[in-house]
Amino acid sequence: MNTTTERAKIERIALLALLTALVAILSYLGGFIKIGGFASISLTLIPVVLGAAICGPIAGAWLGAVSGLVFFTTADAMFWFGMSVPGTVITVLLKGIAAGFLAGLTYNLLKNVNKYIAVIVSAIVCPVVNTGLFVCGCFVFFMDAVNSGAAAEGLSVGAYIILFYVGLNFVFELIANIILSPSIYRLIEFKKKK
């Protein structure tokens, strides 16, 4: 193995370690960033997208898993554990792992067309998969709570999930991902060229 290859491998490992730490911090603090008193925004998916694009789909899956594992240590996790421990574990880990992995696959499929377009599309795929699998988890594991909540609010099940579980969080996370992931990616690429 030549020195250039070894250096690239070391840089990749260092970047993945840095992104892992960043995901852990953002996952833990995500519930503390409130918008309008009720919607919380998590920036966790940004380093997941970056890791998936720069280090590959497996790295994206790893970062998604780290996000889920750290979530289990937060106060927000207790709410979900109260409804279903296995459902929470499966839903949180599956959505994080799949979102990171599919963001990496998307990047790999599009990078030969244009790397920045590939990052933007990956930045869209990641929160869509994350939120989509969360909603699926609600239907599979948390229907008793969803039905009770919907009935109490006089809403349909779908409207209740969108309003109370997904809310504006998805919109804010999607916009943050679309703006910040490509910007940070461009900075990392610029630094690599220097």
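Scroll up to find the structure.
Residues numbered from 1 in each chain as written. Predicted model: local features only at pLDDT ≥ 70, side-chain atom pairs only at ≥ 80, totals over all residues. Heavy atoms only, no water.

Side note on the layout of surface pockets
Volume-wise, the second largest pocket comes out at about 380 Å³. In this structure, the second largest pocket is lined by Arg-7, Ala-8, Lys-9, Glu-11, Arg-12, Ala-14, Leu-15, Ile-54, Ile-188, Lys-191 and Lys-192. Elements supplying a minimum of two residues to the lining of the second largest pocket: α1 (3-29) and α9 (169-193). A per-element tally of the lining of the second largest pocket places α1 first, with 7 residues. For the lining of the second largest pocket, the class distribution of residues is 5 nonpolar, no polar and 6 charged. (1 Å grid on protein atoms, 1.4 Å probe; cavity = no way out; pocket = protein on both sides within 12 Å on 5 of 7 lines; lining within 4 Å. Points joined across faces, edges and corners; volume = space filled by probe spheres on them. Helix = DSSP H or I, 4+ residues; strand = E, 2+ residues; numbered from the N terminus. Nonpolar A, V, L, I, M, F, W, Y, C, P; charged D, E, K, R; others polar.)

Details of the nonpolar core
Core analysis: the biggest nonpolar cluster contains 28 residues, and Tyr-107, Cys-126 and Tyr-185 have the highest contact counts within it. Elements represented by at least two residues in this core include exactly α1, α2 (45-55), α3 (57-71), α5 (85-110), α6 (115-141) and α9. By residue number, the principal contributor to this core is α2, which donates 9 residues. If you look at the next biggest cluster of nonpolar residues, it comprises 16 residues, including Phe-71, Phe-81, Val-135 and Phe-142. (Core = buried A, V, L, I, M, F, W, Y, C linked by side-chain atoms within 4.5 Å. Buried < 20%, exposed > 50% of the residue type's maximum accessible area, 1.4 Å probe, protein only.)

Here's the deal with the packing of α2 against α6
Here α2 crosses α6 at 125°, and the two axes come no closer than 10 Å. In terms of their interaxial angle, α2 and α6 are classed as oblique. Relative to α6, α2 is oriented so that their crossing is right-handed. Each of Leu-45, Val-48, Val-49 and Ala-53 in α2 lies in contact with α6, whose residues at this interface are Val-119, Ser-122, Ala-123, Cys-126, Pro-127 and Asn-130. (Axes fitted to C-alpha atoms, helices over the stretch in contact; angles between N-to-C directions. Parallel < 35°, antiparallel > 145°, perpendicular 65-115°, else oblique. Left-handed = near helix turned anticlockwise from the far one by under 90°. Contact = heavy atoms within 4.5 Å.)

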